[in-house]
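Breakdown of the fold
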Amino acid sequence: MKTFALTALIAALPMLAAPAFAADEVNVSNGISAGGAPLAVHGVDLVTLVRDGNPVEGFANYSATIDGASYYFTSEENLKEFQSEPARYLPQHGGFCSYGVAVGKKFDGDPDKYVLADGKLFLFLNTATRDKFLEDMTGTTATADGNWAKIKHVAVGDL
């Protein structure tokens, strides 16, 4: 009986953890990173990206997990900086393409295709979506922010 209860508990654990990622609230890669959670922003060091405008891949030995997603950094200093003020570095709209969110979709956000504006980091699927965003950045940002409130908890496949 003890073995059955333990087996049932172990079998149920993935179902209890699944809701954390079911809604695709953060754009992450498939699988689990060295940090124990799916990898966000393609492993790019957000501190270096925001501070220097340079999308450089971080290292697994300098990782932080926020809202169920792992972020990699190039140094202990950058990791500590991120941990002290994550909101300063996290991309808008969960790291999904901000233009895609403006049209009600969750497209991949590529940290090589980004815009830094008003102290915020916006990621885009490609150059074309970034250019569309820049045509009316204020209006598109407002639309994306409004849509994000509606689709944040909706799975990618349901959009």
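Every value quoted in this text rests on a predicted model; they were computed, and no experiment measured them.

Calculation rules
- Residues numbered from 1 in each chain as written.
- Predicted model: local features only at pLDDT ≥ 70, side-chain atom pairs only at ≥ 80, totals over all residues.
- Heavy atoms only, no water.
- Helix = DSSP H or I, 4+ residues; strand = E, 2+ residues; numbered from the N terminus.
- Buried < 20%, exposed > 50% of the residue type's maximum accessible area, 1.4 Å probe, protein only.
- Areas by Shrake-Rupley, 256 points an atom, 1.4 Å probe, with all protein chains shown as cover.
- pLDDT = per-residue confidence, 0-100.
- Contact = heavy atoms within 4.5 Å.
- Salt bridge = Lys/Arg side-chain N within 4 Å of Asp/Glu carboxyl O.
- Axes fitted to C-alpha atoms, helices over the stretch in contact; angles between N-to-C directions.
- Parallel < 35°, antiparallel > 145°, perpendicular 65-115°, else oblique.
- Arc of directions from axis to C-beta.
- Polar contact = N/O pair within 3.5 Å; in protein donor to acceptor, adjacent residues only side chain to side chain.
- Core = buried A, V, L, I, M, F, W, Y, C linked by side-chain atoms within 4.5 Å.
- Phe/Tyr/Trp six-rings, centres within 6.5 Å; stacked < 30°, edge-to-face > 60°.

Along its length, the protein chain carries eight helices and four strands. Taken from the N to the C terminus, the helices and strands of the protein chain come in the order α-α-α-β-β-α-α-α-β-β-α-α. Taking all 159 residues of the protein chain together, the buried fraction comes to 37%. By element, 57% of the accessible surface of the protein chain is carried by carbon and sulfur atoms, the whole surface being about 8600 Å².

A few words on the confidence of the model for the protein chain. Chain-level statistics for the protein chain give a pLDDT mean of 88 and a share of 86% at 70 or above. Across residues 1-22, confidence stays below pLDDT 50; counting only partners more than four residues off in sequence or on other chains, it has three contacts.

The subject of this paragraph is the pattern of salt bridges. Going through the model one piece at a time under the given rule, you end up with four salt bridges. Arginine 88 is the salt-bridge partner of glutamate 81, the closest N and O atoms lying 3.2 Å from each other. Using a relative accessible area of 28% as the deciding quantity, one classes glutamate 81 as partly exposed. Connected through salt bridges with shared partners, the residues Glu81, Glu85 and Arg88 form a single ionic network.

Running from N to C, helix H7 (residues 127-135) and helix H8 (residues 137-151) cross one another at 105°; their axes reach a closest spacing of 5 Å. Taken together, the axis directions place H7 and H8 in an arrangement best described as roughly perpendicular. Here H7 contributes Lys132, Phe133, Leu134 and Glu135 to the contact with H8, which in turn contributes Met137, Thr140 and Thr141.

As a further point, take H7. Among the residues making up H7, those that are buried are Thr129, Arg130 and Phe133. Summarising the axial view, the buried residues of H7 lie within an arc of 100°, below the 170-degree limit, and thus occupy one face. Contacts from the buried residues of H7 go to helix H6 (98-102), strand S3 (110-117), strand S4 (120-124) and H8. If you check the start of H7, you find a side-chain oxygen 3.1 Å away from the backbone N of alanine 128, and it comes from asparagine 126.

Grouped together as the largest cluster of nonpolar side chains are 18 residues, with contacts concentrated most on Leu46, Leu49, Tyr71, Phe73, Phe82 and Leu121. Secondary structure elements with two or more residues in this core: helix H3 (46-52), strand S2 (69-73), helix H4 (76-84) and S4. If we ignore the near neighbours within four places in the chain, the residues touching phenylalanine 73 are Asp45, Leu46, Val47, Gly58, Phe59, Tyr62, Ala64, Asn78, Leu79 and Phe82.

Bringing the packing of aromatic side chains into the picture now. Scanning all chains against the criterion turns up six aromatic pairs. When the centroid spacing of 5.5 Å and the interplanar angle of 40° are considered together, the rings of tyrosine 71 and phenylalanine 82 count as tilted. Of this pair, tyrosine 71 sits in strand S2 while phenylalanine 82 sits in helix H4, and the two are eleven residues apart along the sequence. Both residues of the pair, tyrosine 71 and phenylalanine 82, count as buried. Taking 4.8 Å as the distance between ring centres and 50° as the angle between the ring planes, the aromatic pair formed by phenylalanine 124 and phenylalanine 133 counts as tilted.

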